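# Chains, contacts and geometry: an overview
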Amino acid sequence: MLALNFLTVVDAFSHDITDIVADPEPLAVNVRGDVKLGQTQYMLDHKDGYRELAIVRTVGWLHGKTPEQGAYRRDYVDAVKSAAHLAGYGFRLATEEQVYVEPRFWNARMMRRHLAPYRTDHDEWVGIEALQELPKKSSVPALQELLGARIDAFVVALRLDWLGRVVLDRKSRFSRTSNFVKT
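We now turn to the structure provided with this report. (Residues numbered from 1 in each chain as written. Predicted model: local features only at pLDDT ≥ 70, side-chain atom pairs only at ≥ 80, totals over all residues. Heavy atoms only, no water.)

### Considering helix α1 (residues 2-13)
Note the following rule: For the purposes of this entry, the term helix denotes a DSSP run of H or I that reaches at least four residues, the term strand denotes a run of E that reaches at least two, and both are numbered from the N terminus. A helix's residues, less one, multiplied by 1.5 Å, set its expected span. Here the term buried applies to any residue with accessible area under 20% of the maximum for its type, exposed to any over 50%, and partly exposed to those in between, with areas from a 1.4 Å probe on protein chains only.
Compared with the 16 Å implied by 1.5 Å per residue over 12 residues, the 17 Å span of α1 between its first and last C-alpha is a close match. For α1, the full list of buried residues reads Leu2, Asn5, Phe6, Thr8, Val9, Val10 and Ala12.

Structure follows, in structure tokens:
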């Protein structure tokens, strides 16, 4: 579940990812002189051609059941990172401490929930036009007042954030009372 939730966060806030490959080809890694295959969970392709490999594990896994096991696992992660760099990839280790940071995880779930591809662009265009009447720092309730009851300003604000037209306050949970800044 942690690995899937990592994808939720990455997908919600990384606008430059073009592809995500699960279980990419393993790398030959040298851990304390022992060469073995190092497996990562994901390969992330970015628009600029940058590719990175990601390992998603719990902090408990990193520490292991014994200090020796924990030290070996951290050496393993370091070896995978080195092998990834040698193969021309970036590397990312994600734990629950990065994935479940609140309110980021909540906000990522809200973004994913409301960025459905089957929706039309009509509401976004109406929202973009309404933004012209709002001050640089504004809020979802102010946008709702301009849009009327027919259009949900919260959904529009989330979609406008994704499009880069506004930036919702990332220090609090996204809600129908959120503040935003026009960009």
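### Things to note about unusual backbone geometry
Residue Pro103 follows Glu102 across a cis peptide bond; omega there is 10°. Relative to the elements of secondary structure, Pro103 occurs in the loop between α4 (96-99) and α5 (104-114). The backbone of Asp23 sits at a positive phi, close to 50°, despite the residue not being glycine. Structurally, Asp23 can be placed in the loop between β1 (17-22) and β2 (27-31). The exposed category is assigned to Asp23, whose relative accessible area is 57%. Positive phi is not limited to glycine here, since Arg32 has a value of about 55°. Summarising the element assignment, Arg32 is placed in the loop between β2 and β3 (34-38).

### Quick look at helix α8 (residues 153-163)
An α-helix turns once per 3.6 residues; consequently, residues spaced three or four apart project the same way. How we decide: Polar contacts, as used here, are pairs of N or O atoms within 3.5 Å; protein pairs need one atom able to donate a hydrogen and one able to accept it. Residues neighboring in sequence count only if both atoms are side-chain atoms.
Here α8 lies mainly inside the structure; 9 of its 11 residues are buried. Regarding α8, the residues found buried are Ala153, Phe154, Val155, Val156, Ala157, Leu158, Arg159, Leu160 and Asp161. If you check the start of α8, you find a side-chain oxygen 3.0 Å away from the backbone N of Phe154, and it comes from Asp152.

### A word on a nonpolar patch on the surface
Put simply, the test is: Patch membership is restricted to residues that have no salt bridge and whose relative accessible area is over 30%. Joining uses 9 Å for like charges and 5 Å for the nonpolar side chains Val, Leu, Ile, Met, Phe, Trp and Tyr. Here the open area of atoms and residues is found with the Shrake-Rupley method and a 1.4 Å probe, where only the protein chains shown may cover a residue. Any carboxyl oxygen of Asp or Glu that lies within 4 Å of a side-chain nitrogen of Lys or Arg is treated as forming a salt bridge with it.
A grouping of Met1, Leu4 and Tyr100 is seen on the molecular surface, where their side chains present a nonpolar patch of about 350 Å² in accessible area. The topology assignment puts Leu4 in helix α1. According to the relative accessible area criterion, Leu4 is exposed, its value standing at 52%.

### Structural notes on the packing of aromatic side chains
Our working rule: What counts as a ring pair is set by centres within 6.5 Å for rings of Phe, Tyr and Trp (its six-membered ring), and what kind of pair is set by the plane angle: stacked under 30 degrees, edge-to-face over 60, tilted for all other angles. The criterion is that NZ of a Lys, or CZ of an Arg, lies within 6 Å of the ring centre and within 35 degrees of the ring normal, and then a charge sits over that ring.
Evaluation of the coordinates by the stated rule reveals 2 aromatic pairs. Taken together, a centroid distance of 6.0 Å and an interplanar angle of 20° make the contact between Phe6 and Tyr42 stacked. With Phe6 in helix α1 and Tyr42 in strand β4 (residues 42-46), this pair connects stretches of sequence that are 36 residues apart. Here the aromatic rings of Tyr100 and Phe105 are separated by 5.0 Å at their centres, their planes lie at 85°, and the arrangement is edge-to-face. Its relative accessible area of 31% is what places Tyr100 among the partly exposed residues. Given the relative accessible area of 7%, Phe105 is considered buried. Taking the ring centre of Trp61 as reference, the NZ or CZ of Arg57 above it sits at 4.8 Å. For the cation-ring pair, Arg173 lies above Trp106, with the distance from its terminal atom to the ring centre recorded as 4.1 Å.

### Quick look at the sheet that holds strand β9 (residues 179-182)
Here is the rule we go by: Note on pairing: two strands pair once DSSP finds at least 2 bridges between them. Only the contacting stretch of a helix is used when fitting its axis, a line to C-alpha atoms as for every element, and angles between N-to-C directions run 0 to 180 degrees. In what follows, a contact means two residues having at least one pair of non-hydrogen atoms within 4.5 Å.
Judged by pairing direction, the sheet is antiparallel, and its 3 strands sit side by side in the order β7-β9-β8 without closing on themselves. Edge positions in the sheet fall to β7 (137-139) and β8 (166-168), since each of these pairs with one other strand and no more. Across the sheet, the mean angle from the axis of one strand to that of its neighbour is 35°, orientation sign disregarded. Pairing of β8 with β9, which is carried by 3 bridges, proceeds in the antiparallel orientation. Looking at β9, one finds that Val166 is bridged to Lys182. Against the sheet, helix α7 (residues 140-147) contacts β7, β8 and β9, and its axis sits at roughly 70° relative to β7.

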